[in-house]
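Below are the chains, spelled out letter by letter.
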Amino acid sequence: MTISYSLELPTQRVEAVDEFVCAEAINDIAKAAEASGFAAVHVTDHPAPDAKWLDHGGHHALDPFVALTFAAAATTDVKLLTNVYIAAYRNPFLGAKSIQSLAVLSGGRLILGTAAGYLKPEFRALGVDFDNRGALLDEALDVLSKVLTGDDIAYEGTSFSARGVRLRPLPQTPPPVWVGGNSKPAIRRAVARAQGWAPFNTFGYATASRTAEISTIEELNAAISWARQYAAEIGRTAPLDICFSAGNLLDDSKSSDERHDTIDKLARAGVTWLTIAPPGADRAEVIERAQGFAKEFIATR
């Protein structure tokens, strides 16, 4: 099975704004990703991160749709991945408008990675019920699927009531939806109502991220097996993209042979996408490392 790769746009690197968090940086890195053979570029979503989390390993993030719009304007073919967008943070119609806008303006290049979320203080800052986050994600996906049909929508939501809502223009095809998270509820949601599932390497931080531990290929294999069993139970026959954020399983401390072996094992397990986030002291080094990775692991596959 062939694996596609998505390159991180390091817009969380606020310690070096001029190098990473500006229009020129997004332009340069997105263009380099496209030219090197990466199939997508991605960003994450944290509209209101709290200081305690930031001071203990958390990170900032630009609005994902704004950042990816800059990437779209600089490129022609590379996909634009939200990895991941927390739908519960926004009214579902506001979220659908952002999704529709980027999908239309990019010529259909958006892949909507979304998840229930885990950062409780961020939910509180945004006035969103943390304990209801799974149901709010389902609600947002319901609204999105309805408005992208082009029909006028009536919908009674948890905190809103819509009558006759209509979105125009419509994307030629709805963006694929990938549901992120390692937990069984996340897997069930991905299998039952999405085109992909996006698990991630927890690095031992499963408790902090409020999801199940996946830090080895064996644990990922077990989760994929469970997903396949659930798909059989509900009668799903459509293929499921699996986008894995491999993290330290593919970092530069591993030899080229070790990383080739890991990628082969992930492909055999059923992984179809991998996200890559090369380190670098400045933009040039990040681009150089991304190009080196692509030459070694993308061009040869």
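These numbers were taken from a predicted model, which means no experiment stands behind them. (Residues numbered from 1 in each chain as written. Predicted model: local features only at pLDDT ≥ 70, side-chain atom pairs only at ≥ 80, totals over all residues. Heavy atoms only, no water.)

### Brief notes about helix H11 (residues 283-298)
Argument step 1. In this model, H11 (16 residues) spans 21 Å end to end at C-alpha, consistent with the 22 Å of a helix rising 1.5 Å per residue.
Argument step 2. By the burial criterion, the buried members of H11 are Arg283, Val286, Ile287, Ala290, Phe293, Ala294, Phe297 and Ile298. The buried residues of H11 all sit within an arc of 125 degrees when viewed along its axis, so they share a single face. Of the exposed residues in H11, those oriented more than 90 degrees away from the buried face are Ala284, Glu288 and Lys295.
Argument step 3. Residues of H11 that are buried sit in contact with strand E1 (4-8), helix H1 (17-20), helix H2 (23-36), helix H10 (256-269) and strand E10 (273-276). (Helix = DSSP H or I, 4+ residues; strand = E, 2+ residues; numbered from the N terminus. Expected span 1.5 Å × (residues − 1). Buried < 20%, exposed > 50% of the residue type's maximum accessible area, 1.4 Å probe, protein only. Arc of directions from axis to C-beta. Contact = heavy atoms within 4.5 Å.)

### Concerning unusual backbone geometry
Argument step 1. The residue after Asn83, namely Val84, is reached through a cis peptide bond having omega 5 degrees.
Argument step 2. Note the cis peptide between Arg168 and Pro169, where omega equals -10 degrees.
Argument step 3. Within the element layout of this structure, Pro169 appears in the loop between strand E6 (161-165) and strand E7 (177-180).

### Brief notes about the pairing of strand E2 (residues 40-43)
Argument step 1. Side chains of E2 alternate between two faces, with Ala40 and His42 and Val41 and Val43 buried alike.
Argument step 2. Here E1 pairs with E2 via three bridges, running parallel. When the sheet's bridge partners are listed, Ser6 is paired in E2 with Ala40.
Argument step 3. Summarising the sheet, E2 and strand E3 (residues 79-86) pair through four bridges and their orientation is parallel. When the bridges of E3 are listed, Val43 appears paired with Thr82. (Pairing = 2+ DSSP bridges.)

### Quick look at the packing of aromatic side chains
Argument step 1. Applying the stated rule across the entire model yields ten aromatic pairs.
Argument step 2. Between Phe65 and Tyr85 the ring centres are 5.2 Å apart and the planes differ by 75 degrees, which places this aromatic pair in the edge-to-face class. Here Phe65, found in helix H4 (residues 64-74), pairs with Tyr85, found in strand E3; they are 20 residues apart in sequence, far enough to count as distant.
Argument step 3. Residue class for Tyr85 comes out buried when judged on its relative accessible area of 3%.
Argument step 4. With a centroid separation of 4.9 Å and 65 degrees between ring planes, the pair formed by Tyr89 and Phe123 is classed as edge-to-face. Of this pair, Tyr89 sits in the loop between E3 and helix H5 (92-105) while Phe123 sits in helix H6 (residues 120-125), and the two are 34 residues apart along the sequence.
Argument step 5. Residue classification places Tyr89 among the buried positions, given a relative accessible area of 9%.
Argument step 6. Relative accessible area serves as the criterion here: at 0%, Phe123 is assigned to the buried category.
Argument step 7. One aromatic cluster in this structure is built from Tyr5, Phe38, Phe293 and Phe297. (Phe/Tyr/Trp six-rings, centres within 6.5 Å; stacked < 30°, edge-to-face > 60°.)

### Focus on the environment of Val66
Argument step 1. Within the element layout of this structure, Val66 appears in helix H4.
Argument step 2. Sequence separation between Val66 and Leu102 is 36 residues, and the spatial gap between their C-alpha atoms is 8.6 Å.

### Some thoughts on the pairing of E6
Argument step 1. In this structure, strand E5 (residues 153-156) lies alongside E6, joined through three bridges in antiparallel fashion. From the neighbouring strand, Tyr155 faces E6, where its bridge partner is Ala162.
Argument step 2. In textbook terms, the turn of a hairpin is the stretch between consecutive antiparallel strands, and for E5 and E6 this stretch comprises four residues.

### Things to note about the environment of Leu112
Argument step 1. Inspection of the secondary structure puts Leu112 in strand E4 (residues 110-115).
Argument step 2. For Leu112, a relative accessible area of 1% puts it in the buried group.
Argument step 3. Counting along the chain gives 67 residues from Leu112 to Val179, while the straight-line C-alpha distance between them is 8.4 Å.
Argument step 4. Ignoring anything within four residues of it in the chain, the contact list for Leu112 reads Phe65, Thr82, Tyr85, Ile99, Leu144, Pro176, Val177 and Trp178.

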